[in-house]
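# Examining the three-dimensional arrangement
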Amino acid sequence: MTGQSDPARRFTVSIGLHGSLIVAHASGDLDYRCADLLHRQVADAWQVTPSMGLVLDLGGLTFCDSMGVGALVLLLKQSRAQGSPLVLSNVPARVERILSISGLLESFHLEPSVEAAIQAADPRHFEG
C-alpha cells in the first residue's frame, strides 16, 4: 500500500510548564502541513497559561521548510508583542542555516540545551 502518511503523525508538539515558562518540544517535519499546528498550539498555551516566556525545543525536528520558519517568526512576533522572551533550544544545524541565510538568525535567542534556554528565558536574566 502506497500513500501519504498523516501529517499529524509526522509532527508533534508537547507543551509543559517549568515555573512560569512554557516549554514546548517540537519533533518531526515542521513543514507547510504542520506549521500552523505549532503556532496554534503554542498560541493557545500562551492564552490559557499566564507565562513569562517560551522555550521552544527544536531538537526533535527532522525537517523544516519556509512555512516552518514562518511559524517561528510568528511566535517571535507574538512573544515581542507580549513582552515575553522566546528562546530556541537544540536548534538543528540545518534550521540554524536557514535562519542565517534568511537573515533571521540574529532575531532569535538560541541556546544549546533546554536547561540553558530555561535559564536564559528567566525574566530575571533575560536580556532580549
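Everything below is about the structure shown above.
Let me sum up the structure you'll find in this document. (Residues numbered from 1 in each chain as written. Predicted model: local features only at pLDDT ≥ 70, side-chain atom pairs only at ≥ 80, totals over all residues. Heavy atoms only, no water.)

### Considerations on the pattern of salt bridges
Any two side chains of opposite charge can pair, on the condition that their charged atoms come close. For the record, the criterion: Salt bridge, as used here: a side-chain nitrogen of Lys or Arg that lies within 4 Å of a carboxyl oxygen of Asp or Glu. Numbering goes from the N terminus for both helices and strands, where a helix is a DSSP run of H or I of at least four residues and a strand is a run of E of at least two. A 1.4 Å probe rolled over the protein chains alone gives each residue an accessible area, and that area as a share of the maximum for its type sets the label: buried under 20%, exposed over 50%, partly exposed in between.
Enumeration over the complete set of coordinates arrives at 4 salt bridges. We note a salt bridge from Arg10 to Asp29, for which the minimum N-O separation is 3.7 Å. Placement of Arg10 in helix 1 (residues 7-10) and of Asp29 in strand 2 (residues 21-30) is noted, with a sequence separation of 19 residues between them. Looking at Asp29, the relative accessible area reads 18%, which means it is buried. Salt-bridge contacts for Asp31 lead to Arg33; the nearest nitrogen and oxygen are separated by 3.4 Å. Exposure remark for Arg33: the relative accessible area of 31% places this residue in the partly exposed category. Here the residues in one salt-bridge network are Arg10, Asp29, Asp31 and Arg33, joined through shared partners.

### A few points about the sheet that holds strand 3 (residues 53-64)
Formally: Pairing between two strands requires that DSSP report at least two bridges joining them. Axis definition: a line fitted to C-alpha atoms, limited for helices to the stretch in contact. Angles are taken between N-to-C directions and run from 0 to 180 degrees.
Pairing is mixed across the open sheet formed by 5 strands, whose spatial order is 1-2-3-4-5. The open sheet has two free edges, formed respectively by strand 1 (11-18) and strand 5 (109-111), since each of these has just one partner strand. Taken pair by pair, the neighbouring strands of this sheet meet at an average axis angle of 25 degrees, ignoring direction. Bridge analysis of strand 3 against strand 4 (residues 86-89) gives 4 bridges, and the strand direction is parallel. Bridge pairing links Leu54 to Leu86 in strand 4.

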